[in-house]
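If you want the building blocks of each chain, they are given just below.
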Amino acid sequence: DGRDPIRFDGRVLVQDENKRVESYSATFDTRKHLLELMGGVNADFPKDQGKKLLQKGTAQKIKNPEAQETIRERTRLVCDRFTINTKTHDAAGFGNVHVTQKGKSARSDEVKYFHKKDILQLRGNVEIQKENDWLKTKFVDVSISDETFTAGDEVEAKFQLKVED
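Keep in mind that what you see is a predicted model, and the values were worked out from it rather than measured. (Residues numbered from 1 in each chain as written. Predicted model: local features only at pLDDT ≥ 70, side-chain atom pairs only at ≥ 80, totals over all residues. Heavy atoms only, no water.)

> Before we go on, may I ask you to explain the overall build of the protein chain in this structure?
A tally of regular secondary structure across the protein chain gives three helices and 10 strands. Long-range pairs, those at least 24 residues apart, make up 38% of the contacts in the protein chain between residues at least 6 apart in sequence. Summed over all atoms, the accessible surface of the protein chain reaches about 10600 Å², with 50% contributed by carbon and sulfur. (Helix = DSSP H or I, 4+ residues; strand = E, 2+ residues; numbered from the N terminus. Contact = heavy atoms within 4.5 Å. Areas by Shrake-Rupley, 256 points an atom, 1.4 Å probe, with all protein chains shown as cover.)

If you want it as structure tokens, here you go:
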């Protein structure tokens, strides 16, 4: 339809009830429904808002107590570039990705969230840490609805097993 993407420069703030994302610049392409934030991206997903970002009904299906806690905790994402598709609700972070949550941290070259399937992918130089446990690998796939975690290619890990009596 001939409409060029809209560009915003300076301190850019995108906010709704589920998230707050800041960056140095942004573009919005109405044809592609794509919001791209660039430079010093800092995203904050407040406590109890994560479950609202998932597919309807997914949060209620999660049985694992640790996974339930994860979707309730405040989450912060820092990266160089962040995209959100306003139609599909898919999101991605690129470059120096660092995600933190109470007692947990993940780093990678990129992270992608596919809303329709509730799948989270971390790619390139992935490092995940929870307290003294850590994992290093090239990729991680997390199916939130299936509660599965897959790590691949040259996995290195350190973790302590808990022995029950």
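> For this particular structure, what's the right way to read the pattern of salt bridges?
Side chains that differ in sign of charge can pair as their charged atoms come close. For the structure on display, the rule yields eight salt bridges. The residue Glu22 makes a salt bridge to Arg11 at a minimum N-O spacing of 2.8 Å. One end of the pair, Glu22, is in strand β2 (residues 20-29); the other, Arg11, is in strand β1 (residues 6-15), with 11 residues separating them in the sequence. Residue Glu22 is classed as partly exposed on the basis of its relative accessible area of 23%. The salt bridge involving Asp16 is made with Lys19; its shortest N-O contact spans 2.9 Å. Within this structure, Arg11, Arg20 and Glu22 form a network of salt bridges that share partners. (Salt bridge = Lys/Arg side-chain N within 4 Å of Asp/Glu carboxyl O. Buried < 20%, exposed > 50% of the residue type's maximum accessible area, 1.4 Å probe, protein only.)

> In this structure, what is going on with the pairing of strand β7 (residues 119-130)? I would like to understand it.
On a regular strand, each side chain points to the face opposite its neighbour's, so the side chains alternate between the two faces of the sheet. Bridge count for strand β6 (residues 104-114) against β7 is nine bridges, and the pairing is antiparallel. Bridging across to β7, Tyr113 finds its partner in Leu120. Turn length for the β6-β7 hairpin, with the two strands adjacent in sequence and antiparallel, is four residues, and the turn residue Asp118 shows positive phi of about 50°. Sheet topology places β7 next to strand β8 (residues 133-143); 10 bridges connect them, and they run antiparallel. Note that in β8 the partner of Gln121 across the bridge is Asp141. (Pairing = 2+ DSSP bridges.)

> Just checking my understanding: could you explain the confidence of the model for the protein chain for this structure?
Where the model shows low pLDDT, its predicted coordinates should not be examined in detail. Scored by pLDDT, the protein chain comes out at a mean of 84, with 82% of its residues at no less than 70. Ranking the elements of the protein chain by mean pLDDT puts helix α1 (residues 50-53) last, at 55, and β2 first, at 94. (pLDDT = per-residue confidence, 0-100.)

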